[in-house]
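# Close look at the chain arrangement
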Amino acid sequence: MRSAPQPTDLIGLIGNTPMVRVTQLDTGPCELYLKLENHNPGGSIKDRIGLSMVTAAEQAGQLGPHQKHLVEATAGNTGLGLALVAAQKGYRLTLVIPDKMSQEKVLHLKSLGAEVVMTRSDVEKGHPDYYQDMAERIARELGGFYVNQFANPANPLAHETTTGPEIAAQLDNRLDAMVCGVGSGGTIAGLSRYFAKAIPSCEMVLADPEGSVLTEYVQTGKMGKAGSWVVEGIGEDFLPPNADLTRVKKAYTISDKESLETARLVLKKAGILAGSSSGTLIAAALRYCREQTTPKRVCTFVCDSGNKYLSKMFNDFWMADQGFLPRQAHGDLRDVITRRYAERAVVTLTPNDTLLVAYGRMKLYEVSQLPVLEGNKVVGMIDESDLLLAAIDDETRLRLPVRDIMTTRLQTVDVRTPVRELLPLLDKGFVPIVVDGEEFVGLITRIDLLNHLRRKLR
């Protein structure tokens, strides 16, 4: 019988994460292994560097009784690692985060006690709102210790001294290729240094989001113009000081669509709930594996847990809104409707539901109006204003049935109506109800129409 692990403190649980072999996906002639960094207590590989950078700062006298305030720029997971360690050690933490980060990450950070400053994700280094420049400025103004994961030597050291040795031990020192992404550059630099000594034949492979400048840099030695990407935590518009790419000879550019689809496939086929950057890494690793003509052992990471992206990449509506999930095209207003009634995607009420039920569904599904149906026919609409007017002088009226308050003055449009003809209705504040004969098809809001127009740009 295997003995139970001995109790330890939370920080003691960082590292020593498990390794699994992927057998459910096409890996060509190769063996593909995933190191499950989502098993760290903060849920990501960044727990390692959070601990390493705080420990190094304490040893250097930069943190301690005289300095208990840390400031950092982060795409989310380094912030979580720092927040985990800071909470255990009693430090104050201020984090500057680009506004494309998932709400799950932001809420997690705030719940750990971190102070979160949101900034723009559409500006480049040198702009005052660029997240790294803003974090450095805040640290200077408040007198805090700027962690600076992008140039902090304790970042790659964490992977050189812990992650690399763990991988080598778990794979019996037999590894042909290691696939990494670059956010701050610490992982690929630390592993490159370790494997150069421990397994010098191991090839370092870069997985890079489309829009990042790093693949071009590896291939040509030149820095191109950065674009934008949805994947969180990896890809850069500059070469971080920590990013030692000298041993990287192979690089793959992975689109957002391929990254997110791969992460969803890994969950469906292998049962592993992985985040968006993990999708990029695994997609690149699968490409590498399938290109080989001889068997090789390949390793990459599940960098963090997909539970931080449930409202985004694992949400079919979000995927469809972004144009990542294919939908059947009809050539009519069904192509504009985000949530179609035939797909059971429309939140509805019945006339007998109470206003409290209506309020609860609006809050739960983050909508401001709901159709009222009898059978499959729309008989009314109710919105937030209706609820407010009903209850402003007597809150007990929230127990009234919807039929007493709903409007029956409906703006229905045929499914074949030209999109431009919706504008006068939307301008008057109406929500067009789309029908096909007597059949309810769905609603069209302003954001539905904007999403439809943006998808046409792809």
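Refer to the structure above for everything that follows.
Just so you know, these numbers come straight off a predicted model, no measurement behind them.

### Details of the overall build of the protein
- What the protein contains, in helices and strands, is 14 helices and 15 strands.
- Over its C-alpha atoms, taken along the principal directions, the protein stretches across nearly 75 × 60 × 55 Å.
- The proportion of buried residues among the 458 residues of the protein is 52%.
- Long-range contacts, defined here as pairs at least 24 residues apart, represent 66% of the contacts in the protein between residues at least 6 apart.
- Of the roughly 21,300 Å² of accessible surface on the protein, a fraction of 50% belongs to carbon and sulfur atoms.
- Taking the 53 positively charged and 55 negatively charged side chains of the protein as two groups, their mean positions are separated by 3 Å.

### Brief notes about unusual backbone geometry
- Despite not being glycine, Asn16 shows a phi value in the positive range, around 55°.
- By secondary structure assignment, the location of Asn16 is in the segment before β1 (19-22).
- A relative accessible area of 66% places Asn16 in the exposed class.
- Phi is positive for Asp172, close to 55°, though the residue is something other than glycine.
- Take Asp172: it is sitting in the loop between α5 (154-170) and β7 (177-180).
- Classification of Asp172 as exposed rests on a relative accessible area of 54%.

### Observations concerning the pairing of strand β14 (residues 433-436)
- As defined by bridge partners, strand β13 (residues 412-414) adjoins β14 across three bridges and the pair is classed as parallel. Bridge pairing links Val413 to Val434 in β14.
- With four bridges connecting them, β14 and strand β15 (residues 439-443) associate as antiparallel partners. Bridge pairing in β15 links Val435 to Phe440.
- Linking two consecutive strands that pair antiparallel, namely β14 and β15, is a turn of two residues; a positive phi of about 70° is found at Gly437 within it.

### A look at the packing of α5 against helix α6 (residues 186-198)
- Contact pair α5 / α6: the axes reach a minimum separation of 7 Å and the direction vectors enclose 55°. The orientation of α5 relative to α6 falls into the category oblique. By crossing handedness, the relation of α5 to α6 is classed as right-handed. Here α5 contributes Asn155, Pro156, His159, Glu160, Thr163, Gly164, Pro165, Ile167 and Ala168 to the contact with α6, which in turn contributes Gly186, Thr187, Ala189, Gly190, Leu191, Arg193, Tyr194, Phe195 and Lys197.
- A breakdown of the residues in the contact of α5 with α6 according to their chemical character gives eight nonpolar, seven polar and three charged.

### A short note on empty space enclosed by the protein
- Tallying each qualifying case throughout the model produces one cavity of 30 Å³ or more.
- Approximately 50 Å³ is the volume found for the largest cavity.
- Forming the boundary of the largest cavity are Val230, Val231, Glu232, Leu260, Ser276, Tyr309, Lys312, Met313 and Trp318.
- Looking at side-chain class alone, the lining of the largest cavity contains six nonpolar, one polar and two charged residues.

### Some remarks on α6
- For α6, spanning 13 residues, the distance from its first C-alpha to its last is 18 Å, which sits close to the expected 18 Å at 1.5 Å a residue.
- Those residues of α6 lying buried are Gly186, Thr187, Ile188, Ala189, Gly190, Leu191, Ser192, Tyr194 and Phe195.
- The inward-facing, buried residues of α6 abut α5, β7, β8 (203-209), β9 (248-254) and β10 (297-302).

### As for the packing of aromatic side chains
- This structure, assessed with the given rule, holds six aromatic pairs.
- The interplanar angle of 90° and the centroid separation of 6.3 Å between the aromatic rings of Tyr131 and Phe150 together place this pair among those described as edge-to-face. Remark: Phe150 occurs in the loop between β6 (145-146) and α5 and Tyr131 occurs in helix α4 (residues 131-142); sequence separation between them is 19 residues.
- Between Tyr341 and Phe440, the aromatic rings sit 5.1 Å apart at their centres with planes inclined by 50°, giving tilted as the arrangement. Of this pair, Tyr341 sits in the loop between α10 (316-322) and α11 (355-365) while Phe440 is found in strand β15, placing the two residues 99 residues apart along the sequence.
- On the accessibility criterion, Tyr341 (22% relative accessible area) is partly exposed.

### Observations regarding the pattern of salt bridges
- Counted by the stated rule, this structure contains 23 salt bridges.
- Glu31 is the partner of Arg297 in a salt bridge, and the nearest nitrogen-oxygen pair spans 3.1 Å. Of this pair, Arg297 sits in strand β10 while Glu31 sits in strand β2 (residues 31-36), and the two are 266 residues apart along the sequence.
- Take Arg297: its relative accessible area is 11%, and that puts it in the buried class.
- By relative accessible area, which is 25% here, Glu31 ends up partly exposed.
- Among the ionic pairs, Arg416 bridges to Asp414, the shortest N-O distance being 3.1 Å.
- A residue is classified by how much of its surface remains accessible, and Arg416, at 54% relative accessible area, is exposed.
- Taken together, the salt bridges that share partners define one network made up of Lys35, Glu37, Arg48 and Glu166.

### Re helix α14 (residues 446-455)
- Taken together, the buried positions of α14 are occupied by Asp448, Leu449, Asn451, His452 and Arg455. Each buried residue of α14 lies within a common arc of 160° when the element is viewed along its axis, so the set occupies one face. Of the exposed residues in α14, the ones pointing more than 90 degrees away from its buried face are Ile447 and Leu450.
- Buried-residue contacts for α14 involve α10, α13 (423-427) and β15.

Cut-offs applied
- Residues numbered from 1 in each chain as written.
- Predicted model: local features only at pLDDT ≥ 70, side-chain atom pairs only at ≥ 80, totals over all residues.
- Heavy atoms only, no water.
- Helix = DSSP H or I, 4+ residues; strand = E, 2+ residues; numbered from the N terminus.
- Buried < 20%, exposed > 50% of the residue type's maximum accessible area, 1.4 Å probe, protein only.
- Contact = heavy atoms within 4.5 Å.
- Areas by Shrake-Rupley, 256 points an atom, 1.4 Å probe, with all protein chains shown as cover.
- Lys, Arg positive; Asp, Glu negative; His and termini not counted.
- Charge placed at Lys NZ, Arg CZ, Asp CG, Glu CD.
- Pairing = 2+ DSSP bridges.
- Axes fitted to C-alpha atoms, helices over the stretch in contact; angles between N-to-C directions.
- Parallel < 35°, antiparallel > 145°, perpendicular 65-115°, else oblique.
- Left-handed = near helix turned anticlockwise from the far one by under 90°.
- Nonpolar A, V, L, I, M, F, W, Y, C, P; charged D, E, K, R; others polar.
- 1 Å grid on protein atoms, 1.4 Å probe; cavity = no way out; pocket = protein on both sides within 12 Å on 5 of 7 lines; lining within 4 Å.
- Points joined across faces, edges and corners; volume = space filled by probe spheres on them.
- Expected span 1.5 Å × (residues − 1).
- Phe/Tyr/Trp six-rings, centres within 6.5 Å; stacked < 30°, edge-to-face > 60°.
- Salt bridge = Lys/Arg side-chain N within 4 Å of Asp/Glu carboxyl O.
- Arc of directions from axis to C-beta.

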